[in-house]
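# Reading the structure
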Amino acid sequence: MTYDLLVKNGTVIDGSGGARYRADVAVKDGRIAAIGRINEKASSVIDAEGHVVSPGFVDGHTHMDAQVFWDPIGSCSCYHGVTSVVMGNCGFTLAPCRESEADLVFRNLERAEDISREAMLAGIDWSWETFPEFLDAVDALPKGINYAGYIGHSALRTYVMGERAFTDPATDDDLKKMCAEVQQAVIAGAVGFSTSRTRNHLTTDGRPVASRIAEWEEVRAIVNAVGETGKGIFELAGETPGRKPERIRDYFGRLKDLAVESGVTQTWGMFSTRVAPDLWRPYFDLLDETAAAGGRMIAQVHSRALNVLLSFKAHTPFDNWDVWRDLRVLPLEEQKAKLADPEFKAKLVAVASREYTGPRAVGAEARPPNWDWVFPMSNMDPDQMSMTEMAAQRGVHPVELMIDLSLEHDFEIFFRQPIANEDQDHVLEMMKHPRSVVTFSDSGAHVSQIMDSSLQTHLLSYWVREKEAMTLEEAVRQITYNTATLWGLHDRGLIRRGMAADLVIFDPETVGARMPEVVQDLPAGGKRLKQTAVGIKHTVVNGEILLSDNEHSGAAPGKLLRS
């Protein structure tokens, strides 16, 4: 036999958590055909000497629903070994929706997920109405990586209710139609149903997104309709019950009861926060309580702090403030010249030092910083001095320091502002919980402010290599078998004969993320953060080499993954 691809001399870490071993891996027709010492010929050969061969990484929390229409490779996730993603989280999808009503779904996506309306208008060729038709449209696209997707509550609600979706409870007829649509979507291949109930998710005109208007009984009815299909996941961006015990008990009871009565696996994201450091712990107790009651509930956790990245090339916290507003519309070279003027710089510092009286920050929108929790980022070292400490050393205000450092680095510097997961001991504890999965990149959303597509390479470089807090086998399992299994991608996440040939060939001694950069490559010229990786030699999707050292091969081997 002549194989299509042969990966020779590598160290296989197969995703199971079992010990590594040396072997060749052969691929035929997009599947793993043999593992061991292989002497047969192949059309393409990769020499993996000194490298690990692992399954492709699976990211279960992305918002690439719009990006898939203009980005043929799935960046920036693809640069970090991700070969399969789940999109449509938090109730935000492009279907079901009539093209004439596309603005209804744009309202939900534009502010809550910071996805540019101009990019969506320029980059999407609308060819669907129903969710099954949307899946067919994604299926037909040339794709570098694999995509699965939820049907989202906000889109579903606006499709059935129109403008009433943003103001009214559903009628019995509305609910009947929504249940029928969601069942049709899951039967056609949606991985499940997603919703948002978090107060952070607002429309561009400051109203709650459509799913937030729904009463709990509406959510319950739809999830039970999913359960009647015998498959599917329920994902939600959850409520914020606060710290009152009776509200917490009510919320937890509703989540647990729904998981048990519907039989649908439930998943939601969880972060630690410095302002309430133990707030996450009862949620993790709920995971075990739900399992004991007969339901299945899984927390999605991150591998590091959730960071907003500030810079003069993208956003500063003061872009809409007096004086700053006029500066920030100028070309960057003109901004540099004005920032070098001591009198003008002093005006900027004075304005930025005033008490903030603007609106509450929403989601990942930049906010006036607590400089104790802002860190200069000119390299990927996560352990740097805070802006408060560095400003004190220099004898300047932190805003002046931000300006000075930006000029010193010719604007090639970011300022990292953690807004969650500040305590890394908590991060590690959450990752190691048996009912959590390491995911939640939010790829495709907040693209000019957050760059978490590298959470997988951070796991390998920081927690495995630098901190030695888990073995490489444990870390690989976290981002392959565990995530693939939760989302029902049962032919991925392991290196086994007959499994889909999604593979990552990487050097464990060097794998990691490069510094982010600001690029202007969105449709309509929008800005986004881009971040590639070091130490990943090849990424293979369905048996074809997609990337070699971050360079695209030109192949489009990705598939739509239907439930």
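Residues numbered from 1 in each chain as written. Predicted model: local features only at pLDDT ≥ 70, side-chain atom pairs only at ≥ 80, totals over all residues. Heavy atoms only, no water.

Each helix and strand counted, the protein has 17 helices and 25 strands in total. Its C-alpha atoms give the protein a radius of gyration of 24 Å, within 12% of the compact-globule value 24 Å for 563 residues. Seen through its C-alpha atoms, the protein measures out along the principal axes to roughly 75 × 60 × 45 Å. Looking at the protein as a whole, 58% of its 563 residues are labelled buried. For the protein, long-range pairs separated by at least 24 residues make up 75% of all intrachain contacts whose partners lie at least 6 apart in sequence. As displayed, the protein offers around 21600 Å² of accessible surface, 47% of which is attributable to carbon and sulfur atoms. Distance between charge centroids for the protein: 2 Å, based on 59 positive and 80 negative side chains. (Helix = DSSP H or I, 4+ residues; strand = E, 2+ residues; numbered from the N terminus. Rg over C-alpha atoms; globule rule 2.2 N^0.38 Å. Buried < 20%, exposed > 50% of the residue type's maximum accessible area, 1.4 Å probe, protein only. Contact = heavy atoms within 4.5 Å. Areas by Shrake-Rupley, 256 points an atom, 1.4 Å probe, with all protein chains shown as cover. Lys, Arg positive; Asp, Glu negative; His and termini not counted. Charge placed at Lys NZ, Arg CZ, Asp CG, Glu CD.)

Relative to the elements of secondary structure, glycine 554 occurs in the segment after strand E25 (551-552). Distance in space between the C-alpha atoms of glycine 554 and proline 72 is 9.4 Å, their sequence separation being 482 residues.

Here the focus is the nonpolar core. Soluble, globular proteins show a tendency: their nonpolar side chains are buried together. The biggest cluster of nonpolar side chains holds 110 residues, and the ones touching the most others in it are Leu94, Trp268 and Phe506. Those residues in contact with leucine 94, other than ones at most four positions away along the chain, are Asp65, Ala66, Phe69, Val105, Phe106, Leu109, Ile124, Trp126, Trp128 and Phe134. If you look at the next biggest cluster of nonpolar residues, it comprises 26 residues, including Val308, Phe312, Trp371 and Phe411. (Core = buried A, V, L, I, M, F, W, Y, C linked by side-chain atoms within 4.5 Å.)

To continue, consider the packing of aromatic side chains. For the structure on display, the rule yields 19 aromatic pairs. Judged by centre distance (4.4 Å) and plane angle (25°), the rings of tryptophan 126 and tryptophan 128 are stacked. Tryptophan 128 matches tryptophan 126 in its accessibility class, with the two residues each being buried. Taken together through their ring pairs, the aromatic side chains of Phe69, Phe106, Trp126, Trp128, Phe131 and Phe134 make up a single cluster. Taking the ring centre of phenylalanine 166 as reference, the NZ or CZ of arginine 107 above it sits at 5.0 Å. The side chain of lysine 338 reaches across the aromatic face of phenylalanine 344, ending 4.6 Å from its centre. (Phe/Tyr/Trp six-rings, centres within 6.5 Å; stacked < 30°, edge-to-face > 60°. Lys NZ or Arg CZ within 6 Å of the ring centre and 35° of its normal.)

As a further point, take the environment of leucine 6. Mapped onto the secondary structure, leucine 6 falls in strand E1 (residues 3-12). Judged by its relative accessible area of 3%, leucine 6 is buried. Measuring from C-alpha to C-alpha, the distance between leucine 6 and glutamate 261 comes to 47 Å, with 255 residues separating the pair along the chain. Apart from the residues within four sequence positions on either side, leucine 6 is in contact with Asp24, Val25, Ala26, Ile38, Glu40, Ala42, Ser44, Val45 and Ile46.

Bringing the confidence of the model for the protein into the picture now. With 98% of its residues at a pLDDT of at least 70, the protein reaches an overall mean of 95. Scored below 50 in pLDDT, residues 362-366 shows 15 contacts in the model against residues more than four places distant or in partner chains. (pLDDT = per-residue confidence, 0-100.)

Buried residues of helix H3 (residues 131-140): Phe131, Pro132, Phe134, Leu135, Ala137 and Val138, and no others. Buried positions along H3 lie against strand E7 (82-87), strand E8 (146-149), strand E9 (151-152) and helix H5 (172-188).

The next point concerns the sheet that holds E8. The parallel open sheet is built from 3 strands, whose spatial order is E6-E7-E8. The open sheet terminates on both sides in strands that have one partner only, identified here as strand E6 (57-59) and E8. Each strand axis lies, on average, 15° off the axis of its neighbour in the sheet, ignoring direction. Strand direction decides the pairing type here: E6 and E7, joined by 3 bridges, are parallel. Residue valine 58 lies in a different strand from E7, and its bridge partner there is serine 84. (Pairing = 2+ DSSP bridges. Axes fitted to C-alpha atoms, helices over the stretch in contact; angles between N-to-C directions.)

Turning to the sheet that holds E9, a few remarks are in order. Taken together, the 6 strands give an open sheet; going across it, the order is E9-E10-E11-E12-E13-E17, and neighbouring strands pair in parallel fashion. Each edge of the open sheet carries a strand with a single partner, namely E9 and strand E17 (436-438). Looking at chain direction, E9 and strand E10 (residues 192-196) are connected through 2 bridges and run parallel. Paired with glycine 152 across the two strands is serine 194, which belongs to E10.

It is worth spelling out the pairing of strand E24 (residues 544-548) at this point. Working note: regular strand, side chains alternate between the two faces of the sheet. Relative to E24, strand E23 (residues 536-541) runs antiparallel, the two being bridged by 4 bridges. Residue pairing in the sheet places threonine 539 in a bridge with leucine 547 of E24. The antiparallel pairing of E23 with E24 creates a hairpin that spans 2 residues between the two strands, and asparagine 542 there sits at a positive phi of about 50°. With antiparallel pairing between neighbouring strands as the criterion, E24 and E25 make up a hairpin whose turn holds 2 residues, including aspartate 549 at a positive phi of roughly 50°.

Below, the discussion takes up the packing of helix H15 (residues 455-466) against helix H16 (residues 472-479). Contact geometry of H15 with H16 gives a least axis separation of 10 Å together with a crossing angle of 160°. Taken together, the axes of H15 and H16 lie roughly antiparallel to each other. Pair H15 / H16 crosses with right-handed handedness. Each of Gln456, Leu459, Leu460 and Val464 in H15 lies in contact with H16, whose residues at this interface are Leu472, Ala475, Val476, Gln478 and Ile479. (Parallel < 35°, antiparallel > 145°, perpendicular 65-115°, else oblique. Left-handed = near helix turned anticlockwise from the far one by under 90°.)

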